[in-house]
Amino acid sequence: MRLRIHRGTREIGGTCIELESEGARILLDLGLPLTASDLASTPLPNVDGLSTVSASLLGIVLSHGHRDHWGLVPKVNPAVPLIMGKATESIIRAAADFVPDAVALNARHYLEHRKPIQIGPFTVTPRLVDHSGFDAYAMEITSGGKRVFYSGDLRAHGRKRKLFGALISDPPRNIDLMLMEGSSLGRLSDDETFPSEEDLEETFVTRFEQTEGIALVACSAQNIDRVVTIYRAAKRAGRSLIIDAYAAEVLKATGRDSIPQPAPGWSNLAVYIPQRQRVQLKMKGIAALVDGYRGFRIWSEQLAERASRSVMLFRGWMMKDLDRANALAGARVIWSQWEGYLTEGAGATLKSECMDRGIAFESIHTSGHASPADLKRLAEAIAPNRLIPIHTFERERFPSLFKNVSLIDDGEWIEI
Ligand SMILES: [Zn+2]
Ligand SMILES: [Zn+2]
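Residues numbered from 1 in each chain as written. Chains lettered and ligands numbered in written order. Predicted model: local features only at pLDDT ≥ 70, side-chain atom pairs only at ≥ 80, totals over all residues. Heavy atoms only, no water.

Asker: Pulling in residues and values, what's your account of the coordination of the zinc ion (ligand 2)?
Answerer: Of the protein atoms, only Asp68 (OD), His69 (NE2), Asp153 (OD) and His391 (NE2) coordinate the zinc ion (ligand 2), at distances of 2.1 to 2.2 Å. Every donor counted, the four donor atoms about the zinc ion (ligand 2) form angles of 86 to 166° at the centre, which fits irregular coordination. Here the donor residues for the zinc ion (ligand 2) map to a single chain with the spacing D-H-x83-D-x237-H. The distance between the zinc ion (ligand 2) and the zinc ion (ligand 1) comes to 3.4 Å, with Asp153 serving as a donor to both metals. Within this pair, whereas Asp68 is found in helix 1 (residues 67-70), its partner Asp153 is found in the loop between strand 10 (146-150) and helix 3 (161-169), the two being separated by 85 residues in sequence. Each of the two residues, Asp68 as well as Asp153, counts as buried. (Donors = N, O, S within 2.8 Å, 3.2 Å for Na, K, Ca; no water. Tetrahedral: all angles 85-135°; square planar, octahedral: opposite > 155°, others 65-115°. Helix = DSSP H or I, 4+ residues; strand = E, 2+ residues; numbered from the N terminus. Buried < 20%, exposed > 50% of the residue type's maximum accessible area, 1.4 Å probe, protein only.)

Here it is as structure tokens:
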């Protein structure tokens, strides 16, 4: 077996790994680079069978639903089979109705925790991991007596942290080569740790209690762990969480009734359809979606009166609706995603709008990626013969932190 990383030896984003064995090939991930301005002008990596037909390319395995891992798939010849988690497929499909230039993907096979699947000469054994993206997998790939382990994106301080503990206490054995993400290197010093989702929950409870009016939380609806954190904190603070149709559909698409959603049995939850979304649903011919939220709807004229008992999952453009409804007195905006998004675009606009209007603005967030200390625990547990950094801007730090590190280049074939 041999492999090459097309993108990711020196950057976060655009991850793509090609594996070859006995004349057959598979790809692990096919992400959009973070630097890509749009899909049309971003070329596919140089892999036979992506745009043309090649019988030796057996499929693309997607570790999870973040675009830096699947974003280039819409450009691929649709005959190439896709393999991903079932919830990943449903969430991407649900989001496609709401997110600009999004698409639905169709999986040929599903990844399931610890269930090996055979793809030609490759046996892929997925391990569900803790990550800010839902239904995310690390995976072991064996072929021709060799073993590769790919970490995907993962962390140890989220709501599914037990999975990280399980991976470390029962690691894949005899790994010849491990590809390990290093997103946190350079963002956090080696002995620092990230707050856990539980820590965040406590902070949110306090802040919701201190807020006079509506608490507006700007987070990705697809960060399911975070939505659960916010929901739990809202409930503890005696508030209801208001979501829009996009969040409602994403939460339903998880297929887990343990996740808050507009369904029987859930309290402290309401669905508000902002004006712009109402128009969008009509234009797309999917206005009937809202029938599924019966009993959970909240209307413009109720927003002001319920503001002090509400937390809203929010994006900057929803400010207009709240303004019209006179629901912004005593409001607070909480940014709950990467702070890098505040330097330009919609994030920067929202922040300056809050400043101008005297709306309190702060950030409450934790990383979707493992700290250096947790990565160390992972590398030590798996103890690969060779460890290659991926999904990192700081690969030079790997040799001082981990054993058996090799630094390679994008596009370089590595014999395993
Ligand atoms: Zn990710
Ligand atoms: Zn990623």
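Asker: Just give me the short version of the coordination of the zinc ion (ligand 1), but keep the residues and values in it.
Answerer: For a metal bound by four donors in a tetrahedral arrangement, the ideal donor-metal-donor angle is 109.5 degrees, while six donors in an octahedral arrangement ideally sit at 90 or 180 degrees. Of the protein atoms, only His64 (NE2), His66 (ND1), His131 (NE2) and Asp153 (OD) coordinate the zinc ion (ligand 1), at distances of 2.2 to 2.3 Å. Each of the four donor atoms around the zinc ion (ligand 1) contributes to a set of angles spanning 92 to 160°, which defines the coordination as irregular. Written as a sequence motif, the donor residues of the zinc ion (ligand 1) are H-x1-H-x64-H-x21-D.

Asker: Describe the domain arrangement of the chain, with residues and values.
Answerer: Per the domain assignment, the segments of the chain are domain 1 (2-189 + 368-415) and domain 2 (197-363). Inter-centroid distance (C-alpha atoms) of domain 1 to domain 2 is 31 Å. Each side of the interface is counted separately: domain 1 has 21 residues, and domain 2 has 25 residues. Put simply, Arg159 and Glu201 hold a salt bridge, and the shortest N to O gap is 2.6 Å. Here domain 1 and domain 2 share nine residue pairs in polar contact (both at pLDDT 80 or more) between them. Counting residues per element, the side of domain 1 that touches domain 2 draws most heavily on helix 2 (residues 86-96), at six residues. Residues belonging to the side of domain 1 that touches domain 2 are distributed by class as follows: eight nonpolar, six polar and seven charged. (Domains from an automatic or database assignment. Contact = heavy atoms within 4.5 Å. Salt bridge = Lys/Arg side-chain N within 4 Å of Asp/Glu carboxyl O. Polar contact = N/O pair within 3.5 Å; in protein donor to acceptor, adjacent residues only side chain to side chain. Nonpolar A, V, L, I, M, F, W, Y, C, P; charged D, E, K, R; others polar.)

Asker: Tell me about the packing of aromatic side chains, and please be specific about residues and values.
Answerer: Applying the stated criterion across every chain yields a total of six aromatic pairs. Between Phe98 and Tyr246, the aromatic rings sit 5.6 Å apart at their centres with planes inclined by 45°, giving tilted as the arrangement. Within this pair, whereas Phe98 is found in the loop between helix 2 and strand 6 (109-111), its partner Tyr246 is found in helix 6 (residues 245-253), the two being separated by 148 residues in sequence. In this pair, the class of Phe98 matches that of Tyr246, namely buried. (Phe/Tyr/Trp six-rings, centres within 6.5 Å; stacked < 30°, edge-to-face > 60°.)

Asker: Describe the packing of helix 3 against helix 11 (residues 372-382), naming the residues involved and giving the relevant values.
Answerer: Between helix 3 and helix 11, whose axes approach to 8 Å, the crossing angle comes to 30°. Here Phe164, Leu167 and Ile168 of helix 3 come into contact with helix 11, specifically with Asp374, Arg377, Leu378 and Ala381. Considered class by class, the residues forming the contact of helix 3 with helix 11 number five nonpolar, no polar and two charged. (Axes fitted to C-alpha atoms, helices over the stretch in contact; angles between N-to-C directions.)

Asker: Got a sec to walk through the pairing of strand 5 (residues 82-85)? Specific residues and values, please.
Answerer: In this sheet, strand 5 lies alongside strand 4 (residues 57-61) in parallel orientation, the contact comprising two bridges. In the strand pairing of strand 5, Val61 is matched with Ile83. Two strands pair when backbone bridges link them, and strand 5 and strand 6 are joined in this way by three bridges, in the parallel orientation. Residue pairing across strands places Gly85 opposite Leu111, the latter belonging to strand 6. (Pairing = 2+ DSSP bridges.)

Asker: So what about empty space enclosed by the protein? Which residues, and what values?
Answerer: A water-sized probe rolled over the atoms picks out the places where empty space is left. Using the criterion set out here, one finds one cavity of 30 Å³ or more in the structure. If you add up the space inside the largest cavity, you get close to 80 Å³. Residue lining of the largest cavity: Gly65, His66, Thr88, Ile91, Ile92, Gly133, Phe134 and Gln222, and that is the complete set. For the lining of the largest cavity, the class distribution of residues is three nonpolar, five polar and no charged. (1 Å grid on protein atoms, 1.4 Å probe; cavity = no way out; pocket = protein on both sides within 12 Å on 5 of 7 lines; lining within 4 Å. Points joined across faces, edges and corners; volume = space filled by probe spheres on them.)

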